[in-house]
Amino acid sequence: MPLEFRSLTFDDAGSVDALFQTVYPSLPIGTLNPKKLSDFQTILLGPNNGNVGAFEDGQMVGYGLSEVAPLKRGEIPVALLKTLKEGTLAASVRGTLVHPEAEGRLLGIRLLRARRECLSECGIKHTLGMMLTDNKSSVAMYLREGGILCGFDRDHFGLLNFAHYSGDHGDMPHGTKTVECSSTAAMADFFENGYVCRRVDWNRRSGDEPVFFLSNDFEITP
């Protein structure tokens, strides 16, 4: 039976929570922050939140959640400080999850696309989120779908995360300067100067060391 994608409402909170509680114990620490039913109810109560679910035979097999609110300065990734303005309406990602038995059908990517379409229909042009720096599949998926890495943050567990962005600014042309690096310390310096990452390659060097390609899309000049 084909997958059905639709917007989620408050009445779907129980299904979201059930899927989360089923999958969360098997996820690496930091992949998602812990949540309970009341957290999902709060998320699904808000207007224009761009919450989408994937269903098969009436059962939820994946979801993409976000909350929309005016940006506070501390929420803006460092590389976008000169581009995103405080008070701009933006969506903050609150989790993307796929049931293991539904993997293999590009469901994560399809949820990202469905969420962005839903937000666009609501007039929301910017989406921000976080992901573990060593979460290869999520990093690759977001970059493949036009997202950019633009800063660092710490999650609920104190683990280092990339701050990521998708939307109108991510659709802009790439900068003219490009650098390669694998060190997060070096990346932090580039982010602070308006460089962002749009591509990563794990295969150019031996082992699992990634090579991040950053361009000066939002370069900060004196």
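Residues numbered from 1 in each chain as written. Predicted model: local features only at pLDDT ≥ 70, side-chain atom pairs only at ≥ 80, totals over all residues. Heavy atoms only, no water.

A. Representation of the packing of aromatic side chains within the structure. Here the structure, examined in full by the defined rule, presents seven aromatic pairs. Seen in terms of ring centroids, Phe 40 and Tyr 63 are 6.2 Å apart; in terms of plane orientation they differ by 70 degrees. Their pairing is edge-to-face. Placement of Phe 40 in helix H2 (residues 37-45) and of Tyr 63 in strand S3 (residues 59-70) is noted, with a sequence separation of 23 residues between them. Each member of the pair, Phe 40 as well as Tyr 63, carries the same accessibility label: buried. (Phe/Tyr/Trp six-rings, centres within 6.5 Å; stacked < 30°, edge-to-face > 60°. Helix = DSSP H or I, 4+ residues; strand = E, 2+ residues; numbered from the N terminus. Buried < 20%, exposed > 50% of the residue type's maximum accessible area, 1.4 Å probe, protein only.)

B. The arrangement of the pairing of strand S5 (residues 126-132) in detail. When you tally the buried positions in S5, you get six out of seven residues, the bulk of the element. At this point the chain moves from strand S4 (residues 89-98), through helix H3 (residues 107-121), to the parallel S5, and the crossover so formed is right-handed. As defined by bridge partners, S5 adjoins strand S7 (residues 160-167) across seven bridges and the pair is classed as antiparallel. Note on S7: the bridge partner recorded for Leu 128 is Tyr 165. (Right-handed = clockwise from strand over helix to strand, strands pointing away. Pairing = 2+ DSSP bridges.)

C. Representation of the confidence of the model for the protein chain within the structure. Across the protein chain, the average pLDDT comes to 92, with 96% of residues at or above 70. Within the protein chain, the element-level pLDDT minimum falls on helix H4 (residues 136-144), averaging 91, and the maximum on helix H1 (residues 13-23), averaging 97. (pLDDT = per-residue confidence, 0-100.)

D. Seen up close, the packing of H3 against H4. Two elements in contact, H3 and H4, have axes whose closest approach is 10 Å; the angle formed by their N-to-C orientations is 45 degrees. As summarised for this structure, H3 and H4 are arranged oblique, according to the angle between their axes. Crossing of H3 over H4 shows right-handed handedness. On H4, the residues touching Gly 108, Ile 109, Leu 112 and Arg 115 of H3 are Met 141, Tyr 142 and Arg 144. (Axes fitted to C-alpha atoms, helices over the stretch in contact; angles between N-to-C directions. Parallel < 35°, antiparallel > 145°, perpendicular 65-115°, else oblique. Left-handed = near helix turned anticlockwise from the far one by under 90°. Contact = heavy atoms within 4.5 Å.)

E. Local environment of unusual backbone geometry. Residues other than glycine seldom take positive phi values, yet Asp 57 does so here, at roughly 55 degrees. Among the secondary structure elements, Asp 57 is positioned in the loop between strand S2 (52-56) and S3. Residue classification places Asp 57 among the exposed residues on the basis of a relative accessible area of 54%. Phi is positive for Leu 106, close to 55 degrees, though the residue is something other than glycine. As for its placement among the helices and strands, Leu 106 is situated in the loop between S4 and H3. For Leu 106, a relative accessible area of 59% puts it in the exposed group.

F. Region of the structure containing the side chain of Asn 161. Within the secondary structure, Asn 161 is located in strand S7. A relative accessible area of 3% means that Asn 161 is categorised as buried. Of the polar contacts made by the side chain of Asn 161, one reaches the side chain of Asp 155; its length is 3.3 Å. Apart from the residues within four sequence positions on either side, Asn 161 is in contact with Met 130, Met 131, Leu 132, Thr 133, Gly 151, Phe 152, Asp 153 and Asp 155. (Polar contact = N/O pair within 3.5 Å; in protein donor to acceptor, adjacent residues only side chain to side chain.)

G. Up close: the pattern of salt bridges. According to the stated counting rule, one finds eight salt bridges in the structure shown. Linking Arg 6 and Asp 12 is a salt bridge whose minimum nitrogen-to-oxygen distance equals 2.9 Å. Taking relative accessible area as the criterion, Arg 6 reaches 32% and is therefore assigned partly exposed. With a shortest N-O distance of 2.6 Å, Arg 116 and Asp 171 are connected by a salt bridge. Within this pair, whereas Arg 116 is found in helix H3, its partner Asp 171 is found in the loop between S7 and strand S8 (178-181), the two being separated by 55 residues in sequence. The class for Asp 171 is partly exposed, based on a relative accessible area of 49%. (Salt bridge = Lys/Arg side-chain N within 4 Å of Asp/Glu carboxyl O.)

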